[in-house]
Amino acid sequence: MTTNRTTVRVQDADGVDLALPPIGFGTYQLNGRAGAQTITEAIDTGYRLIDTAFNYENEGAVGRSVARAAVPRDQLLISSKLPGRHHAYDQARSTIEESLYRTGLDRLDMYLIHWPNPKQDRYVEAWRALIDARDAGLIRWIGVSNFLPEHLDRLAAETGELPVVNQIEMHPHFPQLDALAYHRAHGIATEAWSPLGRGHGILDDPAVVEIARTRGVGPGSVVLAWHRALGAIPLPKASSHKRQLENLAAVELDLDAAEVDAITALGRPDGRLAGQDPATYEEF
Ligand SMILES: NC(=O)c1ccc[n+]([C@@H]2O[C@H](COP(=O)([O-])OP(=O)(O)OC[C@H]3O[C@@H](n4cnc5c(N)ncnc54)[C@H](OP(=O)(O)O)[C@@H]3O)[C@@H](O)[C@H]2O)c1
């Protein structure tokens, strides 16, 4: 896996290069007409990777935004997720089809298993459904979200195929350095959810505010540049054009090692926003 200003590159199971933008756009809670308007604005502002999920109930708004934006479809990466209640093979296959119908797209660029739900123990079955949907041409690349190394090891052992992406909780209070190292060693790209810590606390932290002041940028740019420096692709959600621009400006900001370390030092073992440890937490 290599990272630069414009792309993060990983290879799929056939050795085909997948070039991901350095920052994506989160769409949780962007629904209906207003949501579609915000997502269209984000695309027109410069975001190319759009993150949605079956459970966000806004795949329709995402599809409408793609149709309305002034950017050709082939320059966009639309990514959705399979909910925990549909891990059974047949349900997973029809849920993927339903996601396609909702977006109105012929093919989704990425599809992820939203949570492993290990107590249910059906994520390998769901993974086989994603592999088959990809091979049938419904999805371009397949990935997972909230998978721990033990879950990834099992996918590799039982199906011979690892995801191209694992989307995990990551922000300065929960830097996830071990997961990043595991992903790097296995050619998996890391996407960071709630990369700004949902806007609470992290953006006001004195360490972040001081770097923003000396660099003459907003705190959102600083935190997202930290993600980039660690090799992750952050997926910030922002409703206003001003914040969308501030966040995208992180692409142009290269922090030095001392700045990166100062932000990583804000991490703490219990730094998850809502205690959602994928070893035990389940979401349906
Ligand atoms: N895979 C998963 O299990 C999972 C879980 C959670 C989230 N996600 C994905 O990750 C995306 C991002 O996570 P998130 O929405 O939870 O949190 P986030 O992106 O860390 O934070 C979003 C919050 O920060 C505010 N904000 C954005 N930019 C800002 C800036 N420059 N300055 C100040 N405040 C700013 C936003 O406000 P406004 O909107 O009012 O501008 C919003 O309230 C989601 O939308 C979703 O796509 C995935």
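Below is a summary of the structure that appears in this document. (Residues numbered from 1 in each chain as written. Predicted model: local features only at pLDDT ≥ 70, side-chain atom pairs only at ≥ 80, totals over all residues. Heavy atoms only, no water.)

## Considerations on the nonpolar core
Ranked by internal contacts, the top residues of the largest apolar core, which has 65 residues, are Ile39, Ile50, Ile78, Trp127, Leu130 and Leu255. Of the residues forming this core, the biggest block, eight residues, is contributed by helix H4 (residues 123–135). In contact with Trp127, not counting residues within four places along its chain, are Ile113, Ile142, Gly143, Val144, Leu155, Thr159, Glu161, Leu162 and Pro163. Counting residues in each nonpolar core, the second largest holds 14 residues, with Leu20, Met110, Val164 and Ala189 among its members. (Core = buried A, V, L, I, M, F, W, Y, C linked by side-chain atoms within 4.5 Å. Buried < 20%, exposed > 50% of the residue type's maximum accessible area, 1.4 Å probe, protein only. Helix = DSSP H or I, 4+ residues; strand = E, 2+ residues; numbered from the N terminus. Contact = heavy atoms within 4.5 Å.)

## Here we look at the pairing of strand E6 (residues 77–82)
Across the six residues of E6, six count as buried, placing the element largely inside the fold. Note: strand E5 (residues 49–51) against E6, three bridges, orientation parallel. For Ile50, the partnering residue across the bridge sits in E6 and is Ile78. Running through helix H2 (residues 59–68), the crossover from E5 to the neighbouring parallel element E6 is right-handed. Looking at chain direction, E6 and strand E7 (residues 108–113) are connected through four bridges and run parallel. Paired with Leu82 across the strands is Ile113, a residue of E7. As for the winding sense of the linkage, the β-α-β connection from E6 through helix H3 (residues 89–103) to E7 is right-handed. (Pairing = 2+ DSSP bridges. Right-handed = clockwise from strand over helix to strand, strands pointing away.)

## Quick notes on the site of the ligand
Neighbouring the ligand are 27 residues, the closest being Asp51, Ser194, Leu196, Lys237 and Ser239. Between a nitrogen atom of the ligand and a side-chain N or O atom of Glu246, the distance comes to 3.3 Å. Bound to the protein, the ligand loses 86% of the 910 Å² it would expose on its own. It is helix H9 (residues 241–248) that provides the largest number of residues to the shell around the ligand, a total of three residues. (Near = heavy atom within 4 Å. Polar contact = N/O pair within 3.5 Å; in protein donor to acceptor, adjacent residues only side chain to side chain. Areas by Shrake-Rupley, 256 points an atom, 1.4 Å probe, with all protein chains shown as cover.)

## A few points about the packing of H3 against H4
Taken N-terminus to C-terminus, the directions of H3 and H4 make an angle of 45 degrees; their axes are 8 Å apart at the nearest point. By the criterion of interaxial angle, the relationship of H3 to H4 is oblique. As for how H3 packs across H4, the hand of that crossing is right-handed. Contact residues: Tyr89, Ala92, Arg93 and Ile96 in H3; Glu125, Arg128, Ala129, Leu130, Asp132 and Ala133 in H4. For the contact of H3 with H4, the class distribution of residues is six nonpolar, no polar and four charged. (Axes fitted to C-alpha atoms, helices over the stretch in contact; angles between N-to-C directions. Parallel < 35°, antiparallel > 145°, perpendicular 65-115°, else oblique. Left-handed = near helix turned anticlockwise from the far one by under 90°. Nonpolar A, V, L, I, M, F, W, Y, C, P; charged D, E, K, R; others polar.)

## Quick notes on the pattern of salt bridges
Overall, the coordinates contain 15 salt bridges when judged by the stated rule. Across the salt bridge formed by Arg215 and Glu259, the nearest N and O atoms sit 2.7 Å from each other. Highlighted residues: Arg215 in helix H7 (residues 206–215) and Glu259 in helix H10 (residues 257–264), separated in sequence by 44 residues. By relative accessible area, Arg215 is classed as partly exposed at 32%. Residue classification places Glu259 among the buried residues on the basis of a relative accessible area of 13%. Measuring nitrogen to oxygen at the nearest pair gives 3.9 Å for the salt bridge that ties Asp277 to Arg272. (Salt bridge = Lys/Arg side-chain N within 4 Å of Asp/Glu carboxyl O.)

## Remarks on the sheet that holds E5
Within the open sheet, the eight strands sit side by side as E4-E5-E6-E7-E8-E9-E10-E11. Their pairing is parallel. Looking along the sheet, the strands with just one partner apiece sit at the ends: strand E4 (25–26) and strand E11 (232–234). Of the pairings in the sheet, the one linking strand E8 (residues 139–145) to strand E9 (residues 165–169) comprises two bridges and is parallel in character. By the bridge assignment for E9, Val144 is matched with Asn166. The strands that H3 touches are E6, E7 and E8; relative to E7, the one it contacts most, it runs at about 140 degrees.

## Some points on the pairing of strand E3 (residues 17–20)
Here E3 shows a clear split, with Leu18 and Leu20 buried on one side and none of Asp17 and Ala19 buried on the other. Two strands pair when backbone bridges link them, and strand E2 (residues 8–11) and E3 are joined in this way by four bridges, in the antiparallel orientation. Considered in E3, the bridge of Arg9 is made with Ala19.

## Examining the packing of helix H1 (residues 32–45) against H9
Between two packed helices, what matters for the description is the angle formed by their axes and the separation of those axes. For the pair H1 and H9, the least separation of the axes is 10 Å and the interaxial angle reads 40 degrees. Judged by the inter-axis angle, H1 sits oblique to H9. Every pair of crossing elements has a handedness; the one defined by H1 and H9 is right-handed. Facing H1, whose interface residues are Thr38, Glu41, Ala42 and Thr45, H9 presents His241, Gln244, Leu245 and Leu248.

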